[in-house]
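Summary of the model geometry
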Amino acid sequence: MNTTPQLEPQTAAGKVLWHFTMSLDGFVAGPNHEMDWMAGFSGKPGLEQEYTATTGAVLGGRDGWDAFPGARPYGGGDAWQGSVFVLTHHPEDATPDADVTFLSCDVAEAVRIALEAAGGKNVEIHSASIGAQLIERGLIDELDLHIVPILLGDGIRLFDKPGCAPVRLDRVHDGAPNEELSVRFRPAAQRGGGPQEGGAPC
């Protein structure tokens, strides 16, 4: 019997989504915004096309832009047509891009601008720090997380707010809203008997 939580397909409803692929221990990027750890994992068939169709705008932060200038969501090119915004205190020294709008304003105003540009579709937040600010203000409609079976141990956490009160969430998919999510893994090295790949041993 399949006990994996079943999600309804994402809909384009003018939502603000905090959308990330995340390691099992809560990191959305490596220490220097490395993303190569995502290689070699499979996702749900059709998931990328689902978000391509329902996303009208993306709002990211300056650190991510500096690490990957010119990056586009969902393959770039003609695969996704939408607006990209980068929120920064210093737009004058950001790497310019004709298809990107650099904003220097309050995060709530940045979301308002992005929602208007999204034209009724969803706005995806591609920044841990911006997402944390928005969730504290009650401006996040959903957290869309794709959890990869890997432990990074270091990097940029999805939500890194020491001293912050816990933020309780309700499950959107099947099951009670406050039901815990149980998953089960075993170290991949057990399959072949060899050491884990990449980096120094723990």
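Residues numbered from 1 in each chain as written. Predicted model: local features only at pLDDT ≥ 70, side-chain atom pairs only at ≥ 80, totals over all residues. Heavy atoms only, no water.

**Points about the overall build of the protein**
Applicable threshold: Strands here mean DSSP runs of E at least two residues long; helices mean DSSP runs of H or I at least four residues long; both are numbered from the N terminus. Per-residue accessibility, obtained with a 1.4 Å probe over protein chains only, is compared with the maximum for each type, and a residue is labelled buried under 20%, exposed over 50%, and partly exposed between these values. Contacts between residues were defined by any pair of non-hydrogen atoms, one from each residue, lying within 4.5 Å. Working definition of accessibility: Shrake-Rupley area with a 1.4 Å probe, residue cover restricted to the visible protein chains.
When helices and strands are tallied, the protein shows 5 helices and 8 strands. Going from N to C terminus, the protein has its helices and strands arranged as β-β-α-β-α-β-β-α-β-α-β-β-α. The burial tally for the protein puts 32% of its 202 residues in the buried class. Excluding contacts between residues fewer than 6 apart, the proportion of contacts in the protein whose partners are at least 24 apart in sequence is 75%. Accessible surface computed for the protein: about 12700 Å², of which carbon and sulfur atoms make up 52%.

**A closer look at the pattern of salt bridges**
Note the cut-off: A pairing counts as a salt bridge when a side-chain nitrogen of Lys or Arg comes within 4 Å of a carboxyl oxygen of Asp or Glu.
Scanning all chains against the criterion turns up 9 salt bridges. Lys15 is the salt-bridge partner of Glu142, the closest N and O atoms lying 3.2 Å from each other. Linking Glu142 in strand E7 (residues 142–148) with Lys15 in the segment before strand E1 (16–23), this pair joins segments that are 127 residues apart in sequence. Pair check on accessibility: Glu142 and Lys15 agree, each one buried. When the shortest N-O distance is used, the salt bridge between Asp66 and Arg62 registers 2.9 Å. With a gap of 4 residues between them, Asp66 and Arg62 both fall in helix H2 (residues 62–67), about one helical turn apart.

**Section: the nonpolar core**
Stated precisely, the cut-off is as follows: Buried Ala, Val, Leu, Ile, Met, Phe, Trp, Tyr and Cys residues that are joined via side-chain atoms within 4.5 Å together make up what is termed a nonpolar core.
If you look at the biggest cluster of nonpolar residues, it comprises 24 residues, and the most contacted ones within it are Trp18, Leu59, Leu87, Ile125, Ile130, Leu134 and Ile140. Among the secondary structure elements, those contributing two or more residues to this core are E1, strand E3 (55–61), strand E4 (83–87), helix H3 (107–118), strand E6 (122–126) and helix H4 (128–136). Of all hydrophobic cores here, the second largest spans 12 residues; its members include Trp65, Tyr74, Val84 and Phe102.

**Observations regarding the side chain of Asp144**
Note the following rule: Charged-residue counts in this description rest on Lys and Arg as positive and Asp and Glu as negative, His and the chain ends being excluded. N or O atoms within 3.5 Å of each other form a polar contact, as long as, within protein, one can give a hydrogen and the other can take it, and as long as residues adjacent in sequence are counted only when both atoms are side-chain atoms.
In this structure, Asp144 sits in strand E7. Look at Asp144: it is buried, it has no salt bridge, and the nearest opposite charge is Lys15 at 6.5 Å. At a separation of 2.7 Å, a polar atom in the side chain of Asp144 contacts the side chain of Tyr51. Residue contacts for Asp144: discarding those within four places in its chain leaves Gln10, Leu17, Trp18, His19, Phe20 and Tyr51.

**Things to note about the sheet that holds E1**
Note the threshold: A pair of strands counts as paired when DSSP detects no fewer than two bridges linking them. Axis geometry follows a simple rule: fit a line to the C-alpha atoms, using only the stretch in contact for helices, then measure angles between N-to-C directions, giving values from 0 to 180 degrees.
As summarised here, the arrangement of the 6 strands in space is E5-E4-E3-E6-E1-E7, forming an open sheet in which the pairing is parallel. In the strand order of this sheet, the two ends are held by strand E5 (100–103) and E7, each with one partner. Put simply, the sheet's adjacent strands are angled 25 degrees from each other on average, direction ignored. As defined by bridge partners, E4 adjoins E5 across 4 bridges and the pair is classed as parallel. For Phe85, the partnering residue across the bridge sits in E5 and is Thr101.

**Considering unusual backbone geometry**
With a phi close to 65 degrees, His33 is a non-glycine residue in the positive phi region. Mapping His33 onto the fold places it in the loop between strand E2 (27–29) and helix H1 (47–54).

**A look at a nonpolar patch on the surface**
We apply this condition: Patch rule: a residue counts if its relative accessible area is over 30% and it has no salt bridge; like charges are joined within 9 Å, and nonpolar side chains (Val, Leu, Ile, Met, Phe, Trp, Tyr) within 5 Å.
A surface patch of nonpolar side chains, about 650 Å² in accessible area, is lined by Leu24, Leu145, Ile147, Leu151, Leu181, Val183 and Phe185. One can find Leu181 in the loop between strand E8 (156–157) and helix H5 (189–192). Classification of Leu181 as partly exposed rests on a relative accessible area of 47%.

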